[in-house]
Amino acid sequence: SPVCAGLGAQVLFVLGDMEAFDRVWRRHEAALAKDPTLALYRSAWQAQWGPTSGTKTGRDQLEAARSDPKRSVLAIELSRRIAVARADMDEHERWMGMLIQAKGASTQAHAERWILLASNGRRDEARRLAKATLPSLEIQTTAQARRVVETLVRIDLPQEGLDVLKARPPALMRDTTLWMLH
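Within every chain, residues take consecutive numbers counted from 1 along the sequence as written. In keeping with the model being predicted, local features are shown solely for residues with a pLDDT of at least 70 and side-chain atom pairs are shown and tallied solely at 80 or more, while totals for entire chains, interfaces and linings include all residues. Working from all heavy atoms in the structure, the side-chain values ignore hydrogens and water.

Caption draft 1: Fine view of the overall build of the protein. In this description a helix means any DSSP run of H or I spanning at least four residues, a strand means any run of E spanning at least two, and both kinds are numbered starting from the N terminus. Regarding its fold elements, the protein presents twelve helices and zero strands. Taking 16 Å as the expected radius of gyration for a compact globule of 182 residues, we find that the protein reaches 17 Å, a close match to that expectation. With the C-alpha coordinates aligned to their principal axes, the bounding extent of the protein is approximately 50 × 35 × 30 Å. Burial classes: relative accessible area under 20% of the type maximum marks a residue as buried, over 50% as exposed, and values in between as partly exposed (1.4 Å probe, protein chains only). Within the protein, the proportion of its 182 residues that are buried is 42%. For the protein, the exposed surface amounts to about 9900 Å²; the carbon and sulfur share of it is 52%. In the protein, 27 side chains carry a positive charge and 22 a negative one; their mean positions are 2 Å apart. Each radius of gyration reported is based on C-alpha atoms, and the globular scaling rule is 2.2 Å times the count of residues to the power 0.38. All accessible-area figures derive from a Shrake-Rupley calculation using a 1.4 Å probe, and residue coverage is judged against the displayed protein chains alone. All tallies of charge rest on Lys and Arg as positive and Asp and Glu as negative; His and the ends of each chain are not included. A single reference atom marks each charge: NZ on Lys, CZ on Arg, CG on Asp, CD on Glu.

Okay, structure coming up:
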C-alpha cells in the first residue's frame, strides 16, 4: 500500500539504504510524490545520492523547504544528513546548530556529530560535546541507547557509555546486546 511504502521509504532513508529508498520510490512514485514530507526526502536523495542531473533541483527544493516553518526542521535534518554523507564538517555544524536551536536535534544527530568530529581530528571536542550533551539526551529506545553507547566507546568514553546503560529503565536494559557493546 502507498502508506506502507511511504513509511518504508522513510525508514530506508534514515537507515542510509539509498538504493532501496530509490527502488521503493520508483515503484510507488505516483502516490509518494503527493506527500510533501516524502517529496522532501526525495529532494534530499536527489541532492546527494541521485543522478547528478537532479542535484541542483534537490538542493533548491531543500533550500525552499528550510524557509517553510512547517518543513524547516525536516529540511535542516535532511541537509545535515547530506553533510554527514559528504563528511563536510562545516556544513554539518551549520545544520546541527540550527537543529539544536529549533530543538530538533535527534539522538542520532548528536552521535553522528561526535563521530564526524572525531574522524576529522577533533576527538577532544567530540568528547567534550558528548559529555556536555549526554545529560539532556532523551534516550528512549534500545536502538538509541545502542547508537549512543557505540559512539561513546568509539570516541574513547567507555565509562560514559556504561553510565548511559545504568541510567536506562530496567525494560530497556534487558537487551543484552547493549551490555556486550561495553
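Caption draft 2: Seen up close, unusual backbone geometry. The backbone of Lys103 shows a phi angle near 55°, a positive value even though the residue is not glycine. With respect to the helices and strands, the residue Lys103 is situated in the loop between helix H6 (89-101) and helix H7 (107-119). Its identity as a non-glycine residue notwithstanding, Asp156 has a phi of 65°, on the positive side. Of the residues examined, Asp156 reaches a relative accessible area of 42% and is grouped as partly exposed.

Caption draft 3: Just the packing of aromatic side chains, in detail. What counts as a ring pair is set by centres within 6.5 Å for rings of Phe, Tyr and Trp (its six-membered ring), and what kind of pair is set by the plane angle: stacked under 30 degrees, edge-to-face over 60, tilted for all other angles. For the structure on display, the rule yields four aromatic pairs. When the centroid spacing of 5.5 Å and the interplanar angle of 85° are considered together, the rings of Phe13 and Trp49 count as edge-to-face. Here Trp49 lies in the loop between helix H3 (36-48) and helix H4 (55-66) and Phe13 lies in helix H1 (residues 2-15), a separation of 36 residues in the sequence. Between Phe21 and Trp25, the aromatic rings sit 6.3 Å apart at their centres with planes inclined by 25°, giving stacked as the arrangement. A residue pair is termed a helical-turn pair when its members lie 3 or 4 positions apart in one helix, as Phe21 and Trp25 do in helix H2 (residues 18-32) at four residues. The pair formed by Phe21 and Trp25 is uniform in burial state, with each residue classed as buried. Of the aromatic side chains, those joined through ring pairs into one cluster are Phe13, Phe21, Trp25, Tyr41 and Trp49.

These figures come from the coordinates and say nothing about function on their own.
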